[in-house]
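# Residue-level structure breakdown
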Amino acid sequence: VIMSRFFVILVAFLLLVTSQQTSAQSENLKTWNDVISEYSDTGTLGGVSISLDSNFTNYSTTMMGDEWPSLIEVYTATWCTNCVTTQNIVDSLSIPDGESVMKIHYHRFIAETQDPFGSQKTDDRWIDRYGTTSRLSNIYEYENLAPSKIFDGERLHIGTTKTSESLTIDYQTSLDKGPSIDVSDFSATFSWTNISGINEFSWNISTPSLNNKYTIEPMIFIIEDEGYFPEGGNGEKYYHHILRDIIPLSSVDGNISADFNLAYDGNDLSAVLVFDWNYDNPEEGLASAIPFPNAVVFVSLFIAIFYSREN
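Treat the numbers as computed from the prediction; the structure is a model and nothing was measured. (Residues numbered from 1 in each chain as written. Predicted model: local features only at pLDDT ≥ 70, side-chain atom pairs only at ≥ 80, totals over all residues. Heavy atoms only, no water.)

A count of helical and extended segments in the chain gives six helices and 13 strands. Residues counted as buried form 43% of the 311 residues belonging to the chain. (Helix = DSSP H or I, 4+ residues; strand = E, 2+ residues; numbered from the N terminus. Buried < 20%, exposed > 50% of the residue type's maximum accessible area, 1.4 Å probe, protein only.)

As structure tokens, this is what we get:
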């Protein structure tokens, strides 16, 4: 009996050590802070883009989920010198053949006197969506800190502090991970018409593999390709991928007439269909709440106890 109990304890100990080593190895590969919200899991997908060139009056496009670009949302400002450094790293990342990246730059607006590109809606979106994670991830507890990067609406990199050997590795690791849900059966259709100066959008987002435990919150990003502002304190003159406005949408399909902020200069606006996905299942059982391989330890120990009692 003593030997049986010793064997049980030894097996449980080895399983526990193995699980801790596996967990540590996994954490070593993690270079980001998980975006947290009122949901247990969340992210942002889409990137179906339409040019709002004033020389055209309509446009329509359909994209399958596996054609959607990876989304990199950036919080920046025209006075932020570190933003230039980190953005150069993002621009240098390796993108696999057949894949693409869409960069979306939020410019600081709240209490801002030196940056002309931001808006109340864009700052509100960043703070509402990423403010909690940001506040917990920097010593100043800022909800909107430049520079910050969000990959696929899931993974936050804040400031210039590296987690691995370099920021390049940090960003590349995050980019390569991709969305945490399978988008292969997703699709989206996005259309725009401009008649007598009235902009009307229609859309349809298909996500058949998501069940009723997921919520979808679609929106249209209005993005300016390039803005000229030589007075910026970071030494840059041209700023790219500027998020000028956000149009919230109430359902996964429909149509809407909407006004939006115009380009700071030029005629280079685009409308981009994206959506936040949110998952929450608080009624999951105990076993699913225990991370693997800790679940293996739990089950093995449970069986071992009964085995010992039988002996």
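For the rest of this paragraph, the subject is the state of the cysteines. Taken as a whole and judged by the stated rule, the model has one disulfide. One disulfide in the model links C80 with C83; its S-S distance is 2.2 Å. Measuring the twist about the S-S bond at about 85°, one finds the C80-C83 disulfide to be right-handed. Since its relative accessible area comes to 4%, C80 is described here as buried. By relative accessible area, which is 5% here, C83 ends up buried. (Disulfide = S-S within 2.5 Å.)

Here we take up the pairing of strand 9 (residues 198-206). Burial along strand 9 is one-sided: the face carrying N199, F201, W203 and I205 is buried and the face carrying I198, E200, S202, N204 and S206 is not. One ladder, built from nine bridges, connects strand 8 (residues 187-195) with strand 9; its direction is antiparallel. Bridged to F190 within strand 9 is W203. In this antiparallel pair of consecutive strands, strand 8 and strand 9, the connection spans two residues, and S196 shows a positive phi of 55°. Pairing analysis gives five bridges linking strand 9 to strand 12 (residues 253-257), with the strands arranged antiparallel. Looking at the pairing, W203 lines up with G254 of strand 12. (Pairing = 2+ DSSP bridges.)

Among the surface-exposed residues, I139, Y140 and Y142 lie close enough to one another that they form a single nonpolar patch of about 410 Å² accessible area. As for its position among the elements, I139 is in the loop between helix 3 (120-137) and strand 6 (148-151). (Patch = residues over 30% accessible without salt bridge, like charges linked within 9 Å, V, L, I, M, F, W, Y side chains within 5 Å. Areas by Shrake-Rupley, 256 points an atom, 1.4 Å probe, with all protein chains shown as cover. Salt bridge = Lys/Arg side-chain N within 4 Å of Asp/Glu carboxyl O.)

Let us now look at the side chain of S174. With respect to the helices, strands and loops of the structure, S174 is situated in helix 4 (residues 167-177). Filtering out sequence-adjacent residues up to four positions away, S174 remains in contact with T31, W32, F151, R155 and H157. (Contact = heavy atoms within 4.5 Å.)

Along any regular strand, the residues point their side chains to alternate faces of the sheet. In terms of burial, strand 4 (residues 70-76) is a largely internal element, seven of the seven residues being buried. Burial of strand 4 is two-sided: the residues S70, I72, V74 and T76 facing one way and the residues L71, E73 and Y75 facing the other way are all buried. Note: strand 4 against strand 5 (residues 101-107), seven bridges, orientation parallel. Paired with S70 across the two strands is V101, which belongs to strand 5. Relative to strand 6, strand 4 runs antiparallel, the two being bridged by four bridges. In the sheet register, E73 faces strand 6, and the bridge partner there is I150.

What follows concerns the nonpolar core. Core analysis: the largest hydrophobic core is formed by 28 residues, its most contacted members being L52, F190, F201, I220 and L273. Counting residues per element, the ones that place at least two in this core are strand 2 (41-51), strand 8, strand 9, strand 10 (214-228) and strand 13 (269-279). Looking at this core element by element, the count peaks at six residues for strand 13. If we ignore the near neighbours within four places in the chain, the residues touching F190 are V48, I50, Y59, S60, T61, F201, S202, W203, I220, A271, V272 and L273. (Core = buried A, V, L, I, M, F, W, Y, C linked by side-chain atoms within 4.5 Å.)

A word on helix 4. Looking only at helix 4, the buried set comprises L167, D170, Y171, Q172, S174 and L175. Next to the buried residues of helix 4 lie strand 4, helix 2 (81-91), strand 5, strand 6 and strand 7 (155-158). One or two steps after helix 4, the chain reaches G178, where phi turns positive at roughly 70°.

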